[in-house]
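Listed below, chain by chain, are the residues.
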Amino acid sequence: MKHIGKPGLRAQFRAYRDRLSDEEYADRCRQILARLSDLPEFRQAKTIHVYWPHLAAREIDLRPLISYFRASGKTVVLPIVDFEAAAPRLCHGIFTSERELKANRWGFLEPHDNEMASATVIDAVIVPALGLDQRGYRIGYGGGYYDRFLSMISVASICPAFAACIVEHLPAEAHDVPVDVAVTEHEIIHHTTRVRPCP
């Protein structure tokens, strides 16, 4: 079988998203959210890091899950890429309203002038990805922000993904960090490859 590198895999996963009809996309998102909302990792969590979906890129639509978390009394924080740091990193803005979100340089919506939360108070993380493999390694958009973030925390990391974007093996580098759980429209996959940072 011909080896496909990360650029080719990103193109493959994006092409799959683009082929989905509006009805297929909405139905798959609903199925994934139904599984996500019932995960035990969220039951005791008080503060959850969630990404705001880039709908034009057909990311899993997590908006109903965000509303569900907030209605359950949980604090939701959204990622903000801090470009002022020596090495760009993820910060965590407390979500209050969609009206307060503004697009960053890539078109992803982020909290604007919101109260910030320390990574130390986060109890669970929902991680975006274009695709994953059976070990929990993911392909994102190439910035490495989530890998750096995940390497510094020891809470559950969960990645929603379309089942068609789960492959057997992805090329992984030393700095890549696998997620603990992948959730598709068909199943919940628990991974055991992650090495936790020392407390």
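Even without being a glycine, Arg 58 presents a positive backbone phi close to 60°. In this structure, Arg 58 sits in the loop between β1 (47-49) and α4 (63-71). Arg 58 sits in the buried class, given a relative accessible area of 14%.

Evaluated as defined, the whole model comprises zero disulfides. Cys 165 supplies the cysteine sulfur nearest to Cys 159, a cysteine that is in no disulfide, at a spacing of 10 Å. Classification of Cys 159 by relative accessible area gives buried; the value is 0%.

Taken as a whole, this structure holds seven aromatic pairs when the rule is applied. Both rings, one in Tyr 68 and one in Phe 69, keep their centres 6.1 Å apart while their planes meet at 45°; by these two values the pair is tilted. Assessed through its relative accessible area of 42%, Tyr 68 is described here as partly exposed. On the accessibility criterion, Phe 69 (0% relative accessible area) is buried. Between Phe 108 and Tyr 141, the ring centres sit 5.4 Å apart and the planes meet at 65°, which makes this aromatic pair edge-to-face. Within this pair, whereas Phe 108 is found in the loop between β4 (101-103) and β5 (109-111), its partner Tyr 141 is found in the loop between β8 (138-139) and α5 (145-150), the two being separated by 33 residues in sequence. Among the residues examined, Phe 108 registers a relative accessible area of 21% and is labelled partly exposed. Through a chain of ring-to-ring contacts, the aromatic side chains of Tyr 16, Tyr 25 and Phe 162 assemble into a single cluster. The residue whose ring lies beneath Arg 58 is Tyr 25, and the NZ or CZ to ring-centre distance is 4.7 Å.

Before going further, it helps to examine the nonpolar core. If you look at the biggest cluster of nonpolar residues, it comprises 60 residues, and the most contacted ones within it are Leu 36, Phe 42, Val 50, Leu 62, Val 125 and Phe 162. Sorting elements by how many residues they give to this core places helix α2 (residues 22-37) first, with five residues. Once you skip the residues sitting within four places of it in the chain, Phe 42 turns out to touch Leu 36, Ile 48, Phe 69, Lys 74, Ala 124, Ile 126 and Ile 158.

What follows covers the sheet that holds β8. Spatial ordering of the open sheet is given by β8-β7-β10, a layout of three strands whose pairing is mixed. This sheet does not close on itself; its edge strands, each paired only once, are β8 and β10 (166-167).

Turning our attention to the side chain of His 92. Its location among the elements puts His 92 in strand β3 (residues 89-94). Relative accessible area serves as the criterion here: at 4%, His 92 is assigned to the buried category. In this structure the side chain of His 92 is engaged in a polar contact, spanning 3.1 Å, whose partner is the side chain of His 49. Among all residues touching His 92, those that are not within four sequence positions of it are His 49, Val 77, Leu 78, Glu 115, Met 116, Ala 117, Ala 119, Ile 122 and Phe 149.

Calculation rules
- Residues numbered from 1 in each chain as written.
- Predicted model: local features only at pLDDT ≥ 70, side-chain atom pairs only at ≥ 80, totals over all residues.
- Heavy atoms only, no water.
- Helix = DSSP H or I, 4+ residues; strand = E, 2+ residues; numbered from the N terminus.
- Buried < 20%, exposed > 50% of the residue type's maximum accessible area, 1.4 Å probe, protein only.
- Disulfide = S-S within 2.5 Å.
- Phe/Tyr/Trp six-rings, centres within 6.5 Å; stacked < 30°, edge-to-face > 60°.
- Lys NZ or Arg CZ within 6 Å of the ring centre and 35° of its normal.
- Core = buried A, V, L, I, M, F, W, Y, C linked by side-chain atoms within 4.5 Å.
- Contact = heavy atoms within 4.5 Å.
- Pairing = 2+ DSSP bridges.
- Polar contact = N/O pair within 3.5 Å; in protein donor to acceptor, adjacent residues only side chain to side chain.

Such coordinate-based values are descriptive only and should not be taken to indicate function.
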